[in-house]
Structure formats: C-alpha cells, structure tokens
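The chain contents come next:
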Amino acid sequence: MRALLVYPLFPPTFWSYEKILELVDRQVLLPPLGLITAAAILPQNWEFKLVDRNIRQVSEAEWQWAEIVIFSGMIVQKKDLLNQIQQAKQRGKPVAVGGPYATSVPHEVEAAGANFLILDEGEITIPLFIEAIEKGETRGIFRTEEKPDVTITPIPRYDLLELDRYDSMSVQFSRGCPFQCEFCDIIVLYGRKPRTKAPKQLLAELDYLYRIGWRRAVFMVDDNFIGNKRNVKLLLKELKVWQAEHQYPFRFDTEASVDLANEPELMQLMVECNFGAVFLGIETPDEESLEFTKKFQNTRSSLAEAVDKIIRTGLRPMAGFIIGFDNEKQGAGKRIIDFVEDAAIPTAMFGMLQALPHTALWHRLEKEGRLLDNTKQDINQTSLINFIPTRPVEEIAGEYIETFWTLYDPSCYLDRLYKCFLKLGSSPCQVPFKIPALIDLKALGIVLWRQGFKRSNRWQFWHHLLGIAKNNPAVFVDYLMMCAHNEHFLFYRSIVKQEIEEQLAEYQANKQQLAPLG
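These remarks concern the structure in this document.

Parameters at a glance
Residues numbered from 1 in each chain as written. Predicted model: local features only at pLDDT ≥ 70, side-chain atom pairs only at ≥ 80, totals over all residues. Heavy atoms only, no water. Helix = DSSP H or I, 4+ residues; strand = E, 2+ residues; numbered from the N terminus. Expected span 1.5 Å × (residues − 1). Buried < 20%, exposed > 50% of the residue type's maximum accessible area, 1.4 Å probe, protein only. Contact = heavy atoms within 4.5 Å. Disulfide = S-S within 2.5 Å. Lys, Arg positive; Asp, Glu negative; His and termini not counted. Salt bridge = Lys/Arg side-chain N within 4 Å of Asp/Glu carboxyl O. Polar contact = N/O pair within 3.5 Å; in protein donor to acceptor, adjacent residues only side chain to side chain. Axes fitted to C-alpha atoms, helices over the stretch in contact; angles between N-to-C directions. Parallel < 35°, antiparallel > 145°, perpendicular 65-115°, else oblique. Left-handed = near helix turned anticlockwise from the far one by under 90°. Phe/Tyr/Trp six-rings, centres within 6.5 Å; stacked < 30°, edge-to-face > 60°. Lys NZ or Arg CZ within 6 Å of the ring centre and 35° of its normal. Arc of directions from axis to C-beta. Pairing = 2+ DSSP bridges. Right-handed = clockwise from strand over helix to strand, strands pointing away.

Let us now look at helix 18 (residues 438–454). For the α-helix, the turn length of 3.6 residues means that residues three or four positions removed from each other point alike. In a regular helix each residue adds 1.5 Å, so 17 residues correspond to 24 Å; helix 18 covers 23 Å between its end C-alpha atoms and thus fits that length. Along helix 18, the residues that are buried comprise Ala443, Val447, Gln451 and Gly452. Buried residues along helix 18 sit in contact with helix 1 (18–23), helix 17 (410–423), helix 19 (458–471) and helix 20 (476–509).

Right under this line is the structure:
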C-alpha cells in the first residue's frame, strides 16, 4: 500500500512564529507528531510519503502515486483539512482521517468525503482500520472508549520529515491530565488518568533523533508533563544521565500545571536535564472564575509566588490566559495585564473562552441554550467567543483587543522580559560551545538593527541588554533569543486586532439572527 500522509495548513496563530522562523530560514515550529506516530503503527511494509502543507504543497505526482491518503489535524486546521479531503476525493483517492478534530467532530469530516474515520487513540483504532483494509472494505468508522497503554507505542517515523524545515522536534511522554477544568478537551480526548511511556522507551526516541542528526530544541508535547509525578521523576533521573553522556544535544520545553512550583526536586531535575521553558495554564488571576471553571489547582496558593519559584529555579514561564468566563467582572483584561507584568511572564498566550466540542463547558452551555451555531470552528486567538456570555460580547472583545495590544507593546514586552531574566536561574548543564551558524549571526544582526537602532524604544533595548550582560550573564544568549520573539508578537497583535474587529462588526450586524444551538 502506498500511503500519502498529509498535514493541513495552520492559519497564523500565537505559536506560528512566522517572523522569527523567517530570520533563521525555517518554516514550521513543530512537526506533525500524530501523523508520524500513526506511520509507525501502520504496517511497515507499506510505502509512505509525508507532506506537511505548512512547508509545501502536495505535488500532482504525489497525488497520483498514492493508493490511500491519510490526514490528521486539529480544529484550528479545519478549513485546509476539509479542502484537502476534497482534493483527494476529486482525484479518486480513498481517504482516512484521524486526530483531535475528527475525533471531536466526526460528522464534519465524514460529510467532506472521508472513507475511513480512525478516531480516538491510534494504538487501538489503527489496527482495526488495517483489518478493514485487508478485508477489502471501502469505508468504516473505528472508535474505542478504551485508553491504550502507551508503553506499546512505537518510535515515531521521524525519518519521513523534512527535518531542516522545523525549528523544534516533538516527543511525547504521557497522555491525559488528572484535573477537571470545565473548558478543557484534553481530559475528553485522553482521560483524567495520566498514562506514561517507560523511561527507556522515551530515551530510545531521543536516541533515534540523535542518530538522524537532530541537535536543536525538543518540545515535550504532554499537555501536563507532571500529571504523574512519580513516573516523570523516574524519567528525569534517567534523562539526566543520557543528556550528560551525549553532551546535552537537546534543549527541552514542555507544558505543566502550575503546582509544579510545589515540587522543588522535580523542578531541579528538569533544569539538570536542560529544560529551558514551561507553559503554565494560569487562565486568570480572578479566583472566582477559576473556581467557577473548576480549575481548583490554581486556587490553592499564590499564583504569583508559584511563577516566581519556577523562574528562580531556572525555567522560563510561558502562560495561557483566558477572558470571558461566566460571571467575570468588568476589567478582567486589565487584571491579566497587571498579573503578567507583576509575575514577569514574557510569553502570555491570550484568547477568548471557547466552548470546545464535548467538553463539560460545551455540554453545560448546550443545556442552557447558549451555544451559537454560526461561529468559526477553527478556534485560535483570532476567534470571537462562540457562545452567549454573561456580559456583553462587545465588552469582552474590546477588553481582549486592548489587553493583547498592550501585552505585546514592544516596550511592555521588553520590560517584563528583562524583569524575568534578571532573576532567572541559570542552567547547571555544561553544554559544549558551538560556533554560531552564519544564518544565526545574520538573524542576530537583524534583531539588533531593528530593536537597537530603528525603533523608538532603542535606548530601553540597549539598557536591558547590557543589564542582563552585567547582572545575569549566564542567561544572556537566551535573553537575546527572546528579544527576537518580539518580532512575531508585534506582527501578530495587528492580526488579532483586525480579525476580532471584523468578527465583532459581523456579530453586531447579525445580532438579531444569531440562534443558539438546541
């Protein structure tokens, strides 16, 4: 069987980082880990070709070569995914689709023409699909409520990727999260009992990446890396040895719940393994909203103190924030700005609350008749709220635009970046010195020119840069890299403002016609 694996386009998002990737001649932040994992589960006597449409288009020769086309994608990729399914069908190709979007909203994928829906987790449903193919079946839906043992998951087929086009690689240690946040679809897709790989299993994946020549960043894509604290400590103890033996070829980032701050041993192990940053789901500093959305783990201690502990250990915080919770008080955006600046969080991902399919929030709003049926489903930071909130949509959207614009004002961003890096703990890892590549030196020159000479806040840039060099020189290189991120956020905040204002105008024009679902 000749299988063409196609990964759909992402629209510009908070994490797309176009303006940063352009500087270093790369195209995509992360690879399609789900597709290359599926390729490893499928029969290895099949032939595979993979096209990431975020890198290039599918060629006509590749369409003709394929005997089956397999897609995977998230809700944010909906538009291109449905279009590409239709492209495959127009060429007479059987289509199989899996991944989070198809699992959450299978009827939309089926309506686009998919022959096979490989839903839920592939370790169980891909073998069912293979069995159907071997029987000569031409369509089918494969589902399971069972959660697989991820210790059986094979090493993803990283060899199928155009490696030099990616900025980071992805690996996964665990699936699932023990918490019960009302708006989160992770616990719907993967359950509340975190399942982990064996340490040797993950190290085998890193060995594979090392053998094929990867020497850049690796993102641990777990939605909550510390969901099973016992097992993650066992991994980190072995990873620490592996990294030292291989002279620290990888710098890791990941996602974790904010209670990481209560685990000093775990945090220390992370920095000893060369973890650099961690994404925290903070959502809001408003305790009433946290309790209402059942994010109780964020109410047990001071969020600002937790972030401070994480920074001082040596982990740079990234954090997610949301506006639009039920019974939220006016001024939520300003409170988020104040918290982000006081806590010195350089990278604050911010969005309006969205009711994702089949989450507890989605079911509650459906029962209350508050879900809207005419909104964008390819949800990201440029999506207007998709339900009837408890305060005016215009008020929430106005605060959202103002907050996003303020957070990524170049001066505001540099100030909190400086504040963070002044107290950021340094890495204990003895990483060998590498001569910078020419493309990296060119990127550095562009950043220095734009931020140190062209912009009106150039004196602030030089003051902060020299301040880090003097007061915390061990983090100087990382600080410079984070200055470069300013290029993306300055560009992306304009996209957010424009698209939200357009959707808000459309919402106001059609306000009388909006119909709640149910």
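Counted by the stated rule, this structure contains zero disulfides. The thiol of Cys181 is unpaired, and the distance to the nearest cysteine sulfur, on Cys184, comes to 6.0 Å. In this structure Cys181 comes out as buried when scored by relative accessible area, which is 7%. No disulfide involves Cys429; its sulfur sits 7.4 Å from the nearest other cysteine sulfur, which is in Cys273.

Inspection of the secondary structure puts Arg493 in helix 20. Of the side chains with opposite charge, Asp409 lies nearest to the buried Arg493, which makes no salt bridge, at 4.5 Å. Side-chain polar atoms of Arg493 contact the backbone oxygen of Trp405, separated by 2.7 Å. With residues up to four places along the chain from it excluded, the contact list for Arg493 reads Phe404, Trp405, Tyr408, Asp409 and Pro410.

Turning our eyes to something else, we now look at the packing of helix 14 (residues 332–343) against helix 16 (residues 393–407). Packed helix pairs are characterised by how far apart their axes lie and by the angle those axes make with each other. Interaxial distance between helix 14 and helix 16 falls to 8 Å at its minimum, and their mutual angle equals 20°. Here helix 14 is positioned roughly parallel relative to helix 16, judged by the angle of their axes. The element helix 14 and its partner helix 16 pack so that their crossing is right-handed. Residues Ala332, Gly333, Lys334, Ile337 and Val340 of helix 14 lie in contact with helix 16, whose contacting residues are Glu399, Thr403, Thr406 and Leu407.

The next subject is the pattern of salt bridges. Scanning the entire structure with this criterion turns up 40 salt bridges. Between Glu288 and Lys329 there is a salt bridge, with its nearest N and O atoms 3.4 Å apart. Taken together, the residues span a long stretch of sequence, with Glu288 in helix 12 (residues 287–292) and Lys329 in the loop between strand 13 (316–323) and helix 14 at a distance of 41 residues. Classification of Lys329 as partly exposed rests on a relative accessible area of 49%. Between Arg391 and Glu399 there is a salt bridge whose closest N-O contact spans 2.9 Å. Among the residues examined, Glu399 registers a relative accessible area of 13% and is labelled buried. Shared partners join several salt bridges into a network, and the residues in it are Glu182, Asp326, Arg364, Glu368 and Arg370.

Taken as a whole and judged by the stated rule, the model has 32 aromatic pairs. When the ring of Phe116 is compared with that of Phe142, the centres are 6.3 Å apart and the planes differ by 15°; the resulting orientation is stacked. Taken together, the positions of Phe116 in strand 5 (residues 116–118) and Phe142 in strand 6 (residues 140–142) put the pair 26 residues apart, joining distant regions of the chain. We note that Phe116, like Phe142, is buried. Ring-pair connections join several aromatic residues into one group, and the members of that group are Phe14, Trp15, Tyr17, Phe279, Phe350, Tyr400, Phe404, Tyr408, Tyr413, Phe489 and Tyr492. Looking at Arg493, its charged tip hangs above the ring of Trp405, at a distance of 3.6 Å from the centre.

We now examine helix 15 (residues 360–367). Residues of helix 15 that are buried include every one of Leu361, Trp362 and Leu365, and no others. Looking straight down helix 15, one finds its buried side chains confined to an arc of 100°; they lie on one side. Note on helix 15: the residue one or two positions beyond its end, Gly369, has a positive phi of about 70°.

With that settled, the discussion passes to the sheet that holds strand 3 (residues 68–72). Strand order in the open sheet formed by six strands is 2-1-3-4-5-6, and the pairing between neighbours is parallel. Each having just a single partner strand, strand 2 (47–52) and strand 6 make up the two edges of the open sheet. On average, each strand axis in the sheet is tilted by 20° relative to the strand beside it, whichever way the strands run. When strand 5 meets strand 6, the two strands line up parallel, connected through three bridges.

Turning our attention to unusual backbone geometry. Of note, the phi angle at Tyr17 is positive, near 55°, even though the residue is not glycine. Relative to the helices and strands, Tyr17 resides in the loop between strand 1 (2–7) and helix 1. In this model, Asn274 sits at a positive phi of 75°, which is unusual for a non-glycine residue. Position of Asn274 relative to the elements: it lies in the loop between helix 11 (264–272) and strand 12 (275–283).

In terms of burial, strand 12 is a largely internal element, nine of the nine residues being buried. The sheet contact formed by strand 11 (residues 252–256) and strand 12 spans five bridges and is parallel. Bridged to Phe252 within strand 12 is Phe275. Handedness of the β-α-β unit built from strand 11, helix 11 and strand 12 comes out right-handed. Here six bridges tie strand 12 to strand 13, and the two strands are oriented parallel to one another. Each bridged residue has a counterpart across the sheet, and for Val278 the counterpart in strand 13 is Pro317.

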